[in-house]
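Remarks on the overall topology
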Amino acid sequence: MSSAKLILDGQEHEFRVIVGTEGEKAFDITSLRSATGYITLDPGYANTGSCESAITFIDGEKGILRYRGYPIEQLAAAARFPEVCHLLIYGHLPNREELIEWRRQLTLNSYAHETMINVFDHYPPHAHPMAILSAMISSLSAFYPEANTPETLDLAIMYLLAKAKTLAAYSYKKSRGEPIMYPLAELSYAANFLRMMFGHPAEPYEVSPVIERALDLLLIIHADHEQNCSTSTVRMVGSSQANLFAAVSAGICALWGPLHGGANQAVIEMLENIEADGGDYKKYIQMAKDKQSGFRLMGFGHRVYKNFDPRARILKKACDDVLSEMGVSDPLLDIAKHLEEAALKDEFFIERKLYPNVDFYSGIIYRAIGIPTNMFTVMFALGRMPGWIAHYREMRLERGERIHRPRQVYTGENVRKWIPLDER
Ligand code: CMC
């Protein structure tokens, strides 16, 4: 089938059918309004393709996730985060020389402008790190104006990738009143972040290879997820030709919400509540089923995955491996497993195809490696950085998309006559 027909008021309209490289089908309705006067209504965009994209493929029914064609399972098992960043942004795995240079640039550019460090001093100590991160990322456009144009996009990409982890670690150090740590050239992306978070200038910091690998895995798992809420936000803001830092800062704000990336913090808080409540997970399953309670099982359900989330599978196994390698036992992991087991047997969750998502198990690993709960979503943002950048770059450089400007169906008052104040 190469076209679809729509019959409206007896008149036939034909629309091109597009088939993606994995067989996904769509009607191209770009001419719909001009041809018919109608628009489509799709709140939440569950049936709307906002773009064509060659970055990430998801099949939610089969639990498939691939970055540029590579299955997430293979990348999680073998790749390092910087290679995945390169793959997502530039479309191919870097060869040895490219990777050496890419890593070198990532380290050389990881210093934040010294004046930015003073900005941290003006946040209250308990400020949420997501508020600080979004402001600092947007501020990069003020500190590095030379990277704000389409011609210097590669420079902006490098600055953003390299400096985001430094800014995230600084926000943690400042919240604790500890001296900040500068990045070191010989360390990997993950090891540098860990040292900047947990190291102290007065003594050497040994990066545990188990923790370094676990962090790499978490970053890779989160690196892209096609047109989710934050990535669509980045594309939306970028479509106005706003600079990369501004667009990604908006994406960070979108990620913060508990229905999106903020769920990882909400999951741990939920598991802590269950633990404090004597471990009665069944009570929480009941609450999640009761619509009046307003409670949802955090870390469960997904708009796209309707069978299983492949990222959650990888992370569930990684939880067991990392905790046992570290010799840590966490009662929250047992509660999480009981909760999952009970939910997967329950008709409510089966009927609605609700499964654990990426956020269900990630927090348990973050906890084990010492990341404070209010920084979990910052970790998600660091992981998602290459995905946001790849989508911005694809949209601006490769596709030259039009400004995003959806329509609406107006349901308000019809025209009314102005009433002077003393007649109301
Ligand atoms: N607990 C209880 N019921 C749920 C849950 C949940 N976590 N998720 C969905 N439902 C129910 C919902 O009440 C609805 O029931 P009904 O059909 O009877 O009205 C049905 O399942 C469909 O839910 P929906 O809200 O229409 O689904 P959605 O596709 O709009 O939302 C979601 C997807 C992820 C926002 C939602 O499942 C949710 O709120 N989950 C909890 C928050 C969470 O874990 N978010 C992280 C998502 S993964 C990370 C990321 O990429 O963002």
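This text goes with the structure placed above it.
Reference entry: report on the structure contained in this document. (Residues numbered from 1 in each chain as written. Predicted model: local features only at pLDDT ≥ 70, side-chain atom pairs only at ≥ 80, totals over all residues. Heavy atoms only, no water.)

As a further point, take the overall build of the protein chain. Broken down by element type, the protein chain carries 18 helices and six strands. Taken over C-alpha atoms, the radius of gyration comes to 23 Å for the protein chain, in line with the 22 Å a tight globule of 424 residues would show. Across its three principal axes, the protein chain shows a C-alpha extent of roughly 80 × 65 × 55 Å. Burial status across the protein chain gives 47% buried among its 424 residues. Accessible area of the protein chain: about 21,400 Å², with a carbon and sulfur share of 52%. The average position of the 45 basic charges and that of the 52 acidic charges among the side chains of the protein chain differ by 3 Å. (Helix = DSSP H or I, 4+ residues; strand = E, 2+ residues; numbered from the N terminus. Rg over C-alpha atoms; globule rule 2.2 N^0.38 Å. Buried < 20%, exposed > 50% of the residue type's maximum accessible area, 1.4 Å probe, protein only. Areas by Shrake-Rupley, 256 points an atom, 1.4 Å probe, with all protein chains shown as cover. Lys, Arg positive; Asp, Glu negative; His and termini not counted. Charge placed at Lys NZ, Arg CZ, Asp CG, Glu CD.)

Below, the discussion takes up the sheet that holds strand 1 (residues 3–8). Taken in spatial order, the three strands of this open sheet run 1-2-3, and their pairing is antiparallel. What marks the edges here is a single partner per strand, and that holds for strand 1 and strand 3 (25–27). On average, adjacent strands in this sheet sit at an angle of 30° to one another, irrespective of strand direction. (Pairing = 2+ DSSP bridges. Axes fitted to C-alpha atoms, helices over the stretch in contact; angles between N-to-C directions.)

This paragraph deals with the sheet that holds strand 5 (residues 64–67). The three strands lie next to each other as 4-5-6, forming an open sheet whose pairing is antiparallel. With partners counted over all chains shown, the strands left at the sheet margins are strand 4 (56–59) and strand 6 (70–71), one partner each. Two elements, strand 5 and strand 6, share two bridges in a ladder whose sense is antiparallel. Within strand 6, the residue paired with tyrosine 67 across the bridge is tyrosine 70.

Running from N to C, helix 9 (residues 209–221) and helix 14 (residues 310–326) cross one another at 170°; their axes reach a closest spacing of 11 Å. Taken as axis vectors, helix 9 and helix 14 run roughly antiparallel relative to one another. Residues Val210, Ile211, Ala214, Leu217, Leu218 and Ile221 of helix 9 pack against Arg311, Ile314, Leu315, Ala318, Val322, Glu325 and Met326 of helix 14. Broken down by class, the residue content of the contact of helix 9 with helix 14 amounts to 11 nonpolar, no polar and two charged. (Parallel < 35°, antiparallel > 145°, perpendicular 65-115°, else oblique. Contact = heavy atoms within 4.5 Å. Nonpolar A, V, L, I, M, F, W, Y, C, P; charged D, E, K, R; others polar.)

Okay, the site of the ligand next. Residues in contact with the ligand amount to 20 residues; listed here are only the nearest, His260, Lys291, Arg296, Leu297 and Arg303. The separation between an oxygen atom of the ligand and a polar side-chain atom of arginine 296 is 2.7 Å. Between an oxygen atom of the ligand and a side-chain N or O atom of arginine 303, the distance comes to 2.8 Å. Split by residue class, the shell around the ligand holds 10 nonpolar, five polar and five charged. (Near = heavy atom within 4 Å. Polar contact = N/O pair within 3.5 Å; in protein donor to acceptor, adjacent residues only side chain to side chain.)

Glancing now at unusual backbone geometry. Within the chain, arginine 68 stands out as a residue other than glycine whose phi angle is a positive 50°. With respect to the helices and strands, the residue arginine 68 is situated in the loop between strand 5 and strand 6. For arginine 68, a relative accessible area of 19% gives the class buried. One non-glycine residue, glutamate 226, adopts positive backbone phi at about 40°. Along the chain, the position of glutamate 226 falls in the loop between helix 9 and helix 10 (229–238).

What follows deals with the state of the cysteines. Here the structure, examined in full by the defined rule, presents zero disulfides. Cysteine cysteine 229 shares no disulfide, and the gap to the nearest cysteine sulfur, in cysteine 253, comes to 11 Å. (Disulfide = S-S within 2.5 Å.)

These values are about where atoms sit, not about what they do.
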